[in-house]
Amino acid sequence: DSARPEELGPPALSPLADQVRRLTDRIREMERREDDGLPEPGQGAGADELADRAALALQDGRSERARLFLERLLEQFPLHAEAPFALYTLGDQEIVTGRADAARDRFARILRDFPADEHVPYAHFQLGVLALRKGDAAAAAQAFESAAAGLAGDPAYKASALVNLATARQKCGEVSAA
């Protein structure tokens, strides 16, 4: 009584099919949770979760969704340890969308409210870029000098800060200082 071939199931694929089915269910659950939108204030989403969700949205190329999470983080947790990340990321987005004044405000807030944070030298760097674009070489030189001083652990950024510092000083007429 051997089974006819058309009655046999796929050989050894059922564990793989089960795994695919479980992964598909997980993906659908994640998409459903993501489509639920932003958690309402006070509904349990902490600053870390909001920052994580923003980072995932950024990795997926969904900058507008990331912006919503970061804005919510800053609204609910303005002095949380994740706030400088939110401010810096939003500042970058402001630059991309042509809102230099808003970007400047975000980076300046990092310097004001979080002076010891790891984002400080990068905020100085971006403020230098914005100052150069605005034609304020003296402010740019000061910002790039501060950035370079704080970027010891990031040689590529430090080198870029030093090159920009030399450019700003040259525009100020400080050729010998460059």
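Up top is the structure these notes are about.
All chains use their own residue numbering, which begins from 1 and follows the written sequence. Note on the predicted model: pLDDT of at least 70 is required for a residue's local features to be given, and 80 or more for side-chain atom pairs to be given and counted; whole-chain, interface and lining totals, by contrast, use all residues. As a rule here, side-chain values cover all heavy atoms of the structure and leave hydrogens and water aside.

## Examining the environment of Leu162
Relative to the helices and strands, Leu162 resides in helix α8 (residues 155-172). A relative accessible area of 41% means that Leu162 is categorised as partly exposed. Taking the C-alpha atoms as reference points, Leu162 and Ala148, 14 residues apart in sequence, are found 6.3 Å from one another. Starting at the N terminus, helices and strands are each numbered in turn, a helix being any DSSP run of H or I of at least four residues and a strand any DSSP run of E of at least two. For every residue, the accessible area (1.4 Å probe, protein chains only) is compared with the maximum for its type, and the residue is labelled buried under 20%, exposed over 50%, or partly exposed between those bounds.

## Section: the packing of helix α4 (residues 83-96) against helix α6 (residues 120-134)
Helix axes are fitted only over the stretch in contact, all axes being lines through C-alpha atoms; the angle between N-to-C directions runs from 0 to 180 degrees. Relative to each other, α4 and α6 sit at 20 degrees, their axes nearing to 11 Å. One element, α4, and the other, α6, form an angle in the roughly parallel class. You can see that α4 and α6 cross each other, and the crossing is left-handed. Contact with α4, carried on its side by Tyr88, Asp92 and Ile95, involves Tyr122, Ala123, Gln126, Leu130 and Arg133 of α6 and no other residues of that element. Note on terminology: angles under 35 degrees are roughly parallel, angles over 145 are roughly antiparallel, angles of 65 to 115 are roughly perpendicular, and the others are oblique. Should the near helix be turned anticlockwise from the far one by less than a right angle, the crossing is termed left-handed; should it be turned clockwise, right-handed. In what follows, residue pairs with any heavy atoms lying within 4.5 Å of each other are defined as contacts.

## Focus: the packing of aromatic side chains
Aromatic pairing here means that ring centres of Phe, Tyr or Trp (its six-membered ring) are within 6.5 Å. Orientation follows from the plane angle: under 30 degrees is stacked, over 60 is edge-to-face, and everything else is tilted. Using the criterion set out here, one finds four aromatic pairs in the structure. An angle of 85 degrees between the planes, with centres 4.9 Å apart, marks the rings of Tyr122 and Tyr157 as edge-to-face. In this pair, Tyr122 sits in helix α6 while Tyr157 sits in helix α8, placing the two residues 35 residues apart along the sequence. For Tyr122, a relative accessible area of 22% puts it in the partly exposed group. Seen in terms of ring centroids, Phe125 and Phe144 are 5.4 Å apart; in terms of plane orientation they differ by 75 degrees. Their pairing is edge-to-face. With Phe125 in helix α6 and Phe144 in helix α7 (residues 137-150), this residue pair connects regions lying 19 residues apart in the sequence. Pair check on accessibility: Phe125 and Phe144 agree, each one buried. In this structure an aromatic cluster arises from ring pairing among Tyr122, Phe125, Phe144 and Tyr157.

## Focus on α8
For α8, spanning 18 residues, the distance from its first C-alpha to its last is 25 Å, which sits close to the expected 26 Å at 1.5 Å a residue. Along α8, the positions that sit buried rather than exposed are Ala161, Asn164, Leu165, Ala168 and Arg169. Along the axis of α8, the buried residues cluster in a sector spanning 140 degrees; they form a single face. In this structure, α8 carries Pro155, Ala156, Val163 and Gln170 as exposed residues pointing more than 90 degrees from its buried face. In this structure, the buried residues of α8 make contact with α6 and α7. Downstream of α8 by one or two residues, Gly173 has phi in the positive range, about 90 degrees. In a helix, the anticipated span is given by 1.5 Å times the number of residues less one. Throughout, the arc means the angular range of directions from the helix axis out to the C-beta atoms.

## Section: the environment of Ala66
Secondary-structure assignment places Ala66 in helix α3 (residues 63-76). In this structure the C-alpha to C-alpha distance between Ala66 and Ala55, which are eleven residues apart in sequence, comes to 6.9 Å. Setting aside residues up to four positions removed in sequence, Ala66 forms contacts with Ala54, Ala57, Leu58 and Gln93.

## Remarks on the pattern of salt bridges
Any carboxyl oxygen of Asp or Glu that lies within 4 Å of a side-chain nitrogen of Lys or Arg is treated as forming a salt bridge with it. Evaluated as defined, the whole model comprises ten salt bridges. With a closest N to O distance of 2.7 Å, Arg106 and Glu71 form a salt bridge. Pair noted here: Arg106 is in helix α5 (residues 100-113) and Glu71 is in helix α3, with a separation of 35 residues, a long-range link. With relative accessibility at 15%, the residue Arg106 sits in the buried group. Connected through shared salt-bridge partners, Glu71, Glu94, Arg99 and Arg106 make up one network.

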